[in-house]
Amino acid sequence: MEWGLREDLRDCVVAAAPYGGPIGGCYRKGFATAAEPSCVPGGLWALGVTPPCRSQWKSGRLVHLGWTAGEDLLCIQEDGTVLVYNLFCEFKRHFSMGNEVLQNHVLEAQVFHTEFGTGVAILTGALRFSLATNIDDLKLRRLPEVPGLQKPPACWAVLSQDRVTVVLLAVGQELFLLDNTSCSVVSPPGLSPSAGPFLHMAVSFTHRHLALFSDSGTVWMGTASLKEKFCEFNTGIRSPPRQMVWCTRPRSRQRAVVLAWERQLMVVGNSSECIRFVLDEDSHLVPELDGVRILSRTCHEFLHEIPEASQEIFRIASMAPGALLLEAQKEYEKESQKADEYLREIREQQLLPEAVGQCIEAAGYEHEPETQKSLLRAASFGKCFLDKFPPEGFVRMCQDLRVLNAIRDYQIGIPLTFTQYKQLTIEVLLDRLVLRRLYPLAIRICEFLRLPEMQGVSRILAHWACYKVQQKDKSDEEVAQAINQKLGDTAGISYSDIATRAYDCGRAELAIKVAQGNELNRGSFFMTLQNQPVALSLYRQVGTPKTPEHPKARIEGRVAALQNALDEFYKAKNDFAAKGDTRDKVTLSWGQGWLGGLLAGWDLSLHDTVATLILDGHHKRAEQLYRDFRIPDKRYWWLKINALATRGDWEEMEKFSKSKKSPIGYLPFVEVAVKHHNRYEAKKYAPRVPPEQRVRAFVLVGDLEQAAEAAIERKSEAEMSLVLARCSAGTDGALAEKLNRARAQLLKK
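A brief structural summary. (Residues numbered from 1 in each chain as written. Predicted model: local features only at pLDDT ≥ 70, side-chain atom pairs only at ≥ 80, totals over all residues. Heavy atoms only, no water.)

**Overview of the environment of Val610**
- Locating Val610 in the fold gives a position in helix H20 (residues 606-615).
- A relative accessible area of 0% places Val610 in the buried class.
- For the pair Val610 and Tyr626, spaced 16 residues apart in the sequence, the C-alpha separation amounts to 7.6 Å.
- Dropping the residues within four chain positions of it, Val610 is found in contact with Ala622, Leu625, Ile631, Tyr636 and Leu639. (Helix = DSSP H or I, 4+ residues; strand = E, 2+ residues; numbered from the N terminus. Buried < 20%, exposed > 50% of the residue type's maximum accessible area, 1.4 Å probe, protein only. Contact = heavy atoms within 4.5 Å.)

Spelled out as structure tokens, the structure:
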């Protein structure tokens, strides 16, 4: 680590974002705790950009730090105010957790993530819990009181169960579960009578597993629903650990928990033995989807279960097909006849396709480029002796590894694993590069992967331009010229968004210059100006369009012609034509004129007009047309979600999905998000799909485990077969076996 941290981590409060995200922190002298309140401000810092940024903390007493899913740093103060900073320690906004929190102060806080977004949970001085499940749509909930609670609980955690967020807390040997309306006592099944009071608890990355540490040194592990016990382990250490986090890998049968004491780590699971690590300095644990990041003042490490493919190949004296193929390739490079012997042994067992697949898969889990290359060379060598081996998997792995190696470079600093990368999706990764203002790298990745314009380069260039207009060190003329030169006529660029951003930054003249740079997209910008008299006046002075015929004249002419037609229909007593299509066209034309006469073409159909408005972000005006023309609900919902997905406005799409019950269901949300290559967003809607469509939804988002569970629950052989067809032998063997057993039982009946 080259972050130049002046003090040990024990003197700092540290928070790290998931998926190899940035690290933020503050020296403890700036923090208030129940044990040692402080009024001395400390320094706030964030590591995730080059160079690391620092800021002097000048606000109130801090209680907790955490990161949002969008990589903003949340600083929770003692008075319940939450300050939001970006990666560059630049203040963005703040919000309050309510009057009750203000009056009673914050004792403890946690930042958590669910399908609804990033949430904040607060324990107040009155020993009451308040939480908000989505800070972008703030709705505060005060949870019920815990009977007889006289002091803060020894430990507590936020759980997400069946789309409901609850708080689990420990008071002595009792566990209490708080939901929206009630407080109930729960108990973990199979807990040893000698376990004693609970001192620490940990929820897994996926919110599915729970671990409890008691003062007898016992760790209980089971499901977060407290319906099933996995195992118990006695650590032999009775003092509570500084941290306890889960260390699991998706679809693995191994379940493990990592406990950290003073410079000592212990990994425990469903084995009679544990693994111990002695550390040279104080560390901080960061749970991830497939392991645990270990941060210290000088090192950044990753602890994880070795994937099956890697175990098979690198196990000592392994005779797995992948191991033999790797040896064969090495011997071939030495021009040794042993290469032929190894290869013959694999081919005689008809395991060459499996060997190639193992090497490709194992390459994805390796961090060292040389090991990656060695495994991929072995796979390439094996492919030469196969007639019909599909090349897509090999090519895709080579592409993925080039992307991963680029972002793992210390100058970029995103230590993403292959598993995390696949879960995160390329779209979200590009967004994270844009957040770090690494525009050239993001563009090179788009070009290398040959992503569609709207999904890749054009979107990144638009972000770059919006950032450029915020820089005050350049004149309006210089910025406008730089934007026009860089963007030119690139397809998919919304100049109106860039101009609007310039106007929001107080640079009205720059906004006009940018809007004039692209005639086709000025309309959306004028819609912003029409409600800003000063800006509109300025535009009329310096930027009136020099066109032969103003659009208003054209629209009035068209309306007049349609009105004449309407009058003639009335004279001819043709009520159908008068009251139907012609009247609607007059209304729509006036509507388009009311929209400023600024839509790209006046002969747009009603549906195209609505879609165009949504694409430009004018949702209220689109809804007005939807109501005025009585567009059927189902058609409007389809129009809107398709337009929002094309625009890439996933936040607005999520808000829309929650506005009321969807008349088209939620499978279309999944399908549209997947169609636009955003599985991360698609996964938000899959659990909301009805049971009869749920298997298809989970298959679309790539969550085969959930798809399998849904198919088994519905006892549908066809759906089980659908999931089985998507399972790969190398990574989904256990899941395929589970499905085959369920299908066999079904056929017996």
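**Re the sheet that holds strand E11 (residues 129-132)**
- In spatial order, the strands read E9-E10-E11-E12; together these 4 strands make up an open sheet with antiparallel pairing. Either end of the sheet is taken by a strand with one partner, and the two such strands are strand E9 (106-114) and strand E12 (141-142).
- Two strands pair when backbone bridges link them, and E11 and E12 are joined in this way by 2 bridges, in the antiparallel orientation. In the strand pairing of E12, Ser130 is matched with Arg142. (Pairing = 2+ DSSP bridges.)

**Let's talk about the pairing of strand E8 (residues 91-96)**
- The pairing of strand E7 (residues 81-85) with E8 spans 5 bridges and is antiparallel. Looking at the pairing, Thr81 lines up with Ser96 of E8.
- Between E7 and E8, which pair antiparallel and follow one another directly, the connecting turn spans 5 residues, one of which, Cys89, has a positive phi of 60°.

**Some thoughts on the sheet that holds strand E14 (residues 164-171)**
- Judged by pairing direction, the sheet is antiparallel, and its 4 strands sit side by side in the order E13-E14-E15-E16 without closing on themselves. Edge strands, defined here as strands with exactly one partner in the open sheet, are strand E13 (155-161) and strand E16 (183-186). Averaged over all pairs of adjacent strands, the angle between their axes in this sheet comes to 30°, without regard to strand direction.
- Two elements, strand E15 (residues 174-178) and E16, share 4 bridges in a ladder whose sense is antiparallel. Residue Leu175 lies in a different strand from E16, and its bridge partner there is Val186. (Axes fitted to C-alpha atoms, helices over the stretch in contact; angles between N-to-C directions.)

**Some remarks on the nonpolar core**
- In this structure, Leu325 and Ile407 are the most contacted members of the largest nonpolar core, which totals 71 residues.
- For this core, the leading source of residues is helix H5 (residues 352-365), giving 8 residues.
- Setting aside residues up to four positions removed in sequence, Ile407 forms contacts with Ile412, Gly413, Ile414, Leu416, Leu429, Leu433, Leu441 and Ile445.
- Within the second largest apolar cluster, 50 residues are counted, among which are Ile641, Leu644, Trp650 and Ala707. (Core = buried A, V, L, I, M, F, W, Y, C linked by side-chain atoms within 4.5 Å.)

**A few points about the packing of helix H22 (residues 633-647) against helix H23 (residues 650-659)**
- Direction vectors running N to C along H22 and H23 enclose 160°, while the axes themselves pass 8 Å from each other. With respect to their mutual orientation, H22 and H23 come out roughly antiparallel. In this structure, H22 crosses over H23, and the sense of that crossing is left-handed. Residues Tyr636, Trp637, Lys640, Ile641, Leu644 and Ala645 of H22 lie in contact with H23, whose contacting residues are Trp650, Glu652, Met653, Phe656, Ser657 and Ser659.
- Class assignment of the residues belonging to the contact of H22 with H23 gives a composition of 8 nonpolar, 2 polar and 2 charged. (Parallel < 35°, antiparallel > 145°, perpendicular 65-115°, else oblique. Left-handed = near helix turned anticlockwise from the far one by under 90°. Nonpolar A, V, L, I, M, F, W, Y, C, P; charged D, E, K, R; others polar.)

**With respect to the packing of aromatic side chains**
- Scanning the entire structure with this criterion turns up 15 aromatic pairs.
- Summarising the aromatic geometry, the rings of Tyr439 and Tyr467 are spaced 6.1 Å apart at their centres and angled 35° between planes, so their arrangement reads as tilted. Taken together, the positions of Tyr439 in helix H10 (residues 439-449) and Tyr467 in helix H11 (residues 457-468) put the pair 28 residues apart, joining distant regions of the chain.
- Ring geometry for Trp637 against Phe656: centres 4.1 Å apart, planes inclined by 35°, an arrangement best described as tilted. Highlighted residues: Trp637 in helix H22 and Phe656 in helix H23, separated in sequence by 19 residues.
- A residue is classified by how much of its surface remains accessible, and Phe656, at 7% relative accessible area, is buried. (Phe/Tyr/Trp six-rings, centres within 6.5 Å; stacked < 30°, edge-to-face > 60°.)

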